[in-house]
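Chain by chain, the residues run as shown.
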Amino acid sequence: MSAAPPRGREVLLTGATGFLGKVLLRQLLEQADALGIARIHALVRPASPAAEARFARSLRRAACFHGLRPELLQRLQVLPGDLSLPHCGIAPAQREELRARATHVIHAAAAVDFDLPLGEAAQANVATALEVLELARSMRRLESLLHISTAYVTPHPGAGVAIKEAPAPLPESAELLWQRIRSGRAAERALLAASKHPNTYTFSKCLAEQLLLARGRELPLRILRPSIISASFRHPAPGWIDSAAAFAAFVALIGLGRLRAVVAHPKARLDLIPVDWVAGRILHAMSLPAEAPAPLLHITAGPRNSPSIEECRDRILAFFRAHPTERRPAIRYLGPPGLRFAAAHRLHHELPLRLRGLRSPPARRRARLLLGQLEQLNRAFPYFTQRTFHFESSMPLDLPGFDPREYVSTVSRGVSRHILRR
């Protein structure tokens, strides 16, 4: 039998209002006794109304927390703060309390927008991570510091080449890169080309990893790398999701009958991972002994547990044809970029939306917005939809009853219910 965890643990959680953060918070609350957790400090950015009221309102509204026993919330303390500020914007008295009491830090906050300018992405994903690192360094009872990154920090190495749980390469020293970015001397396009990153999100997360590993050598630091996080498999309910980003955006727009031309390789496999599995693996890593190996851990499905693009297409279409929304969904083009895609995009996206926009100025604005979304998906995601990533993982997906194709149907059902409100 394994030893019981120490009692009186206290966890600082960032990103608690995000998609993954909500599920993490629920699991922390539900497993607090088993994990020996006495208190969870959820860092929330102050706003008007106050951080506490705003967070309490989100708890009441989010379906993620439906059915949670009210007494479990007694272990939750909402902590006003701002990760972009020194000391994470935490008031001195509360900061001193954390330094004396906190045993675990889970940094799950991030900006996941692929189109952010380099400086903004670095501020959101690098500067904040370094502030959390310094706060954790001051904690006198610290047992673990978990930083949530992404499996895509490693540029695609080529077809069939394994991606190991190891630091991802950068074209020069991380410290030098960070200095150049902070001083405004880094050219975004040249830097992405040199590092082989598709966008500022993966690059900024890669840079954050390198800096954390260098500056936090003496700390119980682990970096966890999920792949494409999507709807829950079982908890809090099958298909629960409240983020329309990434894969959910494709599902929603296909389901609405709006996305009909997609840049992708039909045989490429998408490494989709349920949010509740990710949260569970994070909690598992939180309790790993400090001397355990592997400071970098993938939380991924792997090619055998990943659906192909054409399987995703078929499952999404089947669900939304059985449960229609606005237009009958159809994919008229699925393939590489080029003239054929450009023709399909014009015929199935541009022309219908321009005609729709002739009805009125508001209709024209909505059509322009939707066209921008369709173009953004086919501009930002081909890097992921045309390649299979072979992630090696110390924590491979191991969910009884998990079928990657059926999981796409679960995601479709969740998007329909929780995102499209059908």
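The structure under discussion appears in the preceding block.
Residues numbered from 1 in each chain as written. Predicted model: local features only at pLDDT ≥ 70, side-chain atom pairs only at ≥ 80, totals over all residues. Heavy atoms only, no water.

Notes on the overall build of the protein
Working step 1: Counting secondary structure elements, the protein contains 15 helices and 13 strands.
Working step 2: Its C-alpha radius of gyration of 22 Å places the protein within 12% of the 22 Å reference for a compact globule of 422 residues.
Working step 3: Based on the C-alpha atoms only, the size of the protein along its principal axes is roughly 60 × 50 × 45 Å.
Working step 4: Among the 422 residues that make up the protein, the fraction classed as buried is 53%.
Working step 5: A separation threshold of at least 6 residues defines the contact pool for the protein, and within that pool the share at least 24 residues apart is 84%.
Working step 6: Surface summary for the protein: the accessible area is close to 18,800 Å², and the carbon and sulfur share equals 53%.
Working step 7: Mean positive and mean negative side-chain charge positions of the protein (58 and 34 charges, respectively) differ by 8 Å. (Helix = DSSP H or I, 4+ residues; strand = E, 2+ residues; numbered from the N terminus. Rg over C-alpha atoms; globule rule 2.2 N^0.38 Å. Buried < 20%, exposed > 50% of the residue type's maximum accessible area, 1.4 Å probe, protein only. Contact = heavy atoms within 4.5 Å. Areas by Shrake-Rupley, 256 points an atom, 1.4 Å probe, with all protein chains shown as cover. Lys, Arg positive; Asp, Glu negative; His and termini not counted. Charge placed at Lys NZ, Arg CZ, Asp CG, Glu CD.)

Focus: unusual backbone geometry
Working step 1: Cis peptide bonds are those with omega within 30 degrees of zero, and the linkage from His 235 to Pro 236 qualifies with 5°.
Working step 2: Tracing the sequence through the fold places Pro 236 in the loop between strand 8 (228-230) and helix 9 (247-255).
Working step 3: Despite not being glycine, Cys 88 has its phi angle at roughly 60°, a positive value.
Working step 4: For Cys 88, the position within the fold is in the loop between strand 3 (76-80) and helix 4 (92-101).
Working step 5: In the Ramachandran plot, Lys 196 falls in the positive-phi region, its phi being about 65° despite a non-glycine side chain.
Working step 6: Judged by its relative accessible area of 64%, Lys 196 falls in the exposed class.

Structural notes on the pattern of salt bridges
Working step 1: The full count for this structure, using the stated rule, is 25 salt bridges.
Working step 2: A salt bridge links Arg 101 to Glu 97, with the shortest nitrogen-to-oxygen separation between them at 4.0 Å. Pair noted here: Arg 101 and Glu 97 are both in helix 4, with a separation of four residues, about one helical turn.
Working step 3: With a shortest N-O distance of 2.6 Å, Glu 209 and Arg 225 are connected by a salt bridge. A residue pair is termed long-range when its members are at least 10 positions apart, and Glu 209 in helix 8 (residues 200-215) and Arg 225 in strand 7 (residues 221-226) qualify at 16 residues.
Working step 4: Its relative accessible area of 2% is what places Glu 209 among the buried residues.
Working step 5: Classification of Arg 225 by relative accessible area gives buried; the value is 0%.
Working step 6: Here the salt bridges do not stand alone but share partners, grouping Glu 10, Arg 39, Glu 97 and Arg 101 into one network. (Salt bridge = Lys/Arg side-chain N within 4 Å of Asp/Glu carboxyl O.)

So, the packing of aromatic side chains
The geometry of an aromatic ring pair is captured by two quantities: the separation of the ring centres and the angle between the planes.
Working step 1: As enumerated under the stated definition, the model contains 17 aromatic pairs in all.
Working step 2: Seen in terms of ring centroids, Tyr 152 and Phe 389 are 4.9 Å apart; in terms of plane orientation they differ by 85°. Their pairing is edge-to-face. Placement of Tyr 152 in the loop between strand 5 (144-148) and strand 6 (162-163) and of Phe 389 in the loop between helix 14 (382-385) and strand 13 (390-391) is noted, with a sequence separation of 237 residues between them.
Working step 3: Seen from their ring centres, Phe 389 and Phe 391 are 5.7 Å apart, and the 15° between their planes marks the pair as stacked.
Working step 4: Assessed through its relative accessible area of 6%, Phe 391 is described here as buried.
Working step 5: When the ring centre of Trp 277 is taken as origin, the NZ or CZ atom of Arg 281, which lies over that ring, is 4.8 Å away. (Phe/Tyr/Trp six-rings, centres within 6.5 Å; stacked < 30°, edge-to-face > 60°. Lys NZ or Arg CZ within 6 Å of the ring centre and 35° of its normal.)

Looking at a positive patch on the surface
Working step 1: Taken together, the side chains of Arg 359, Arg 364, Arg 365, Arg 366 and Arg 368 define a basic patch exposed on the protein surface.
Working step 2: Inspection of the secondary structure assignment puts Arg 359 in the loop between helix 12 (339-356) and helix 13 (361-380). (Patch = residues over 30% accessible without salt bridge, like charges linked within 9 Å, V, L, I, M, F, W, Y side chains within 5 Å.)

Quick word on helix 7 (residues 188-195)
Working step 1: Taken residue by residue, helix 7 has Leu 191, Leu 192 and Ser 195 as its buried positions. Buried residues of helix 7, viewed axially, fall in a sector of 95°; they line one side. Exposed residues pointing more than 90 degrees away from the buried face of helix 7 are listed as Arg 189 and Ala 193.
Working step 2: Looking at the buried side of helix 7, the elements it contacts are helix 5 (118-137), helix 6 (174-182) and helix 8.
Working step 3: Following helix 7 by one or two positions, Lys 196 has its phi on the positive side, about 65°. (Arc of directions from axis to C-beta.)

Description of the sheet that holds strand 2 (residues 37-44)
Working step 1: Strands sit in the order 3-2-1-4-5-7-11 across an open sheet of seven strands; the sheet is parallel. Looking at strand neighbours, the two that pair on one side only are strand 3 and strand 11 (296-299), the edges of this open sheet. Each strand axis lies, on average, 20° off the axis of its neighbour in the sheet, ignoring direction.
Working step 2: With four bridges connecting them, strand 7 and strand 11 associate as parallel partners. (Pairing = 2+ DSSP bridges. Axes fitted to C-alpha atoms, helices over the stretch in contact; angles between N-to-C directions.)

Here we look at the nonpolar core
Working step 1: The biggest cluster of nonpolar side chains holds 96 residues, and the ones touching the most others in it are Leu 24, Leu 25, Leu 28, Phe 55, Ile 106, Phe 247 and Ile 282.
Working step 2: The residues touching Phe 55, leaving out its near neighbours within four places in the chain, are Ala 16, Thr 17, Leu 25, Ala 42, Val 44, Leu 76 and Val 78.
Working step 3: In terms of nonpolar packing, the next biggest core, distinct from the first, is built from 43 residues, Leu 43, Leu 98, Ala 122 and Leu 145 among them. (Core = buried A, V, L, I, M, F, W, Y, C linked by side-chain atoms within 4.5 Å.)

Some thoughts on the side chain of Thr 14
Working step 1: Within the element layout of this structure, Thr 14 appears in strand 1 (residues 9-14).
Working step 2: Here the side chain of Thr 14 touches Ala 108 through a polar contact of 3.0 Å, landing on its backbone nitrogen.
Working step 3: With residues up to four places along the chain from it excluded, the contact list for Thr 14 reads Leu 43, Leu 83, Ile 106, His 107, Ala 108 and Ala 109. (Polar contact = N/O pair within 3.5 Å; in protein donor to acceptor, adjacent residues only side chain to side chain.)

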